[in-house]
Amino acid sequence: MSLPGEFEMIRRCFAPLAGPGSLSLMDDAAILQPRPGWSVVATVDTVISSVHFLPDDPPDLIARKALRVNLSDLAAMGAEPLGYLLVTAFPVDTDEDWVARFARGLAEDQAEFGIGLLGGDTSATPGPLSLTITALGQVENGRALLRSGASPGDRIYVSGTVGDGAFGLKLAKGAGTRLSPEARAFLLDRYRLPQPRLRLGRRLVGVATAALDVSDGLAADLGHICKTSKVGASVEAVRIPLSSAARAMIEAREASREEALTGGDDYELLFTAPAHAEPALAGIAAELDLPLTRLGEIRAEPGLAVIDESGQPLPIGSGGYRHF
Ligand SMILES: [Mg+2]
């Protein structure tokens, strides 16, 4: 990307993404006005080429996934999105077509999730492409879904299916050649284009006692809830909800049920709720047409126990993706 065309290119590609509060990206900063009685929720994530995605991944998918993982964090807090800030460092040889496709991906998801770009910054870099998105949302004062609210006796639930993201990544790396084209496409899509569960997060406000989005793997993320809530958990492996594509991959012996438990990147919501919330949750699942599966129970004793069909504990190691 060469100066001086850079700023003109940025203007052409990103100015059309400006949302309410952005002052058309023409002022020094954006202005947000949460509803009276609501709090602002903020989250940020960076993705770097060759670390979080491959250099030849489609630019629109890189953009959309980066935005969606941030929206998923808002969903996990029970927040509704207000908008986002975008910081990009494009390699010096990035051409305008690439940036235009990248911006089109953002435009597509802005339309899907009803948000706009609030501001940002861009530069050229001699290093790899790096992309930082800060998402802002709002939630009623004191009602955000925290990780710290789980109590012994609460039930543990997860939305959708688990393991698809991790299995999709395996496919992207060359596994799964015996799967049907449909199963392959499903798993790759789940890996490349996660669904932030924003509507579910909103509906869980006042219902769930603790929540997070599954990004480190179900086992590790349940561990985060337990640690923050100072409780333990027991999960029945047979209850883990698997997609038919994930099941096909396990049957073809190209992946295991344990990998579904410990793989990251599903961006489903994992949450706890008291037993009396069961009918409310059944109503929410029907309303959103999204399965909410009960996995097990929060216990007072610390630690995570995963029990197999015969009641024996499964070894799951330390579980989950480690960032460092
Ligand atoms: Mg999260």
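Below: a short report on this structure. Predicted model only: the values in this text are computed from it and were never measured. (Residues numbered from 1 in each chain as written. Predicted model: local features only at pLDDT ≥ 70, side-chain atom pairs only at ≥ 80, totals over all residues. Heavy atoms only, no water.)

Topic: helix α3 (residues 96-113)
Here is step 1 of the chain: The end-to-end C-alpha distance of α3, which contains 18 residues, comes to 26 Å, matching closely the 26 Å that a straight helix rising 1.5 Å per residue would cover.
Here is step 2 of the chain: Listed as buried for α3 are Trp-98, Val-99, Phe-102, Ala-103, Gly-105, Leu-106, Asp-109, Gln-110 and Phe-113. Projected onto a plane normal to the axis of α3, the buried residues spread over an arc of 150° and lie on a single side. Exposed positions of α3 whose direction lies more than 90 degrees from the buried face are Arg-104 and Ala-111. (Helix = DSSP H or I, 4+ residues; strand = E, 2+ residues; numbered from the N terminus. Expected span 1.5 Å × (residues − 1). Buried < 20%, exposed > 50% of the residue type's maximum accessible area, 1.4 Å probe, protein only. Arc of directions from axis to C-beta.)

Remarks on the coordination of the magnesium ion
Here is step 1 of the chain: Within the protein, the magnesium ion binds to Asp-73 (OD) and Asp-213 (OD); these donor distances fall in the range 2.0 Å. Residue Asp-73 is found in helix α2 (residues 59-76), and its partner Asp-213 is found in strand β6 (residues 210-213); the two are separated by 140 residues along the sequence.
Here is step 2 of the chain: Judged by relative accessible area, which is 22%, Asp-73 ranks as partly exposed. (Donors = N, O, S within 2.8 Å, 3.2 Å for Na, K, Ca; no water.)

Structural notes on helix α5 (residues 181-192)
Here is step 1 of the chain: Taking 1.5 Å of rise per residue, 12 residues should cover 16 Å, and α5 covers 16 Å from first to last C-alpha, within 8% of that figure.
Here is step 2 of the chain: Of the surrounding elements, those touching the buried residues of α5 are α2, α4 (164-172) and α8 (244-251). (Contact = heavy atoms within 4.5 Å.)

What about the side chain of Ser-243?
Here is step 1 of the chain: Residue position: Ser-243 is located in the loop between β7 (232-236) and α8.
Here is step 2 of the chain: Relative accessible area serves as the criterion here: at 7%, Ser-243 is assigned to the buried category.
Here is step 3 of the chain: Within the structure, Ser-243 has its side chain in polar contact with the backbone nitrogen of Ala-246 (distance 3.0 Å).
Here is step 4 of the chain: For Ser-243, the residues in contact, after removing those within four places along its chain, are Thr-161, Asp-164, Phe-186 and Leu-187. (Polar contact = N/O pair within 3.5 Å; in protein donor to acceptor, adjacent residues only side chain to side chain.)

Thoughts on the pairing of strand β9 (residues 292-299)
Here is step 1 of the chain: Both strand β5 (residues 155-159) and β9 contribute to a ladder of 5 bridges, which runs antiparallel. Bridge assignment links Ile-156 to a residue of β9, and that residue is Gly-296.
Here is step 2 of the chain: Here β7 pairs with β9 via 4 bridges, running antiparallel. Within β9, the position partnered with Gly-232 by the bridge is Arg-299. (Pairing = 2+ DSSP bridges.)

Description of the sheet that holds strand β10 (residues 303-307)
Here is step 1 of the chain: Read from one edge to the other, the open sheet built from 6 strands follows the order β6-β8-β5-β9-β7-β10, with strand pairing classed as mixed. Edge positions in the open sheet fall to β6 and β10, since each of these has one partner strand only. Across this sheet, the average inter-strand angle for adjacent strands is 25°, counted without regard to direction.
Here is step 2 of the chain: Relative to the sheet, α2 contacts β6 and β8 (269-273), its axis offset from that of β6 by approximately 175°.
Here is step 3 of the chain: On top of the sheet, helix α7 (residues 218-229) reaches β5, β6, β7, β8, β9 and β10; it is set at about 145° to β6, its chief contact. (Axes fitted to C-alpha atoms, helices over the stretch in contact; angles between N-to-C directions.)

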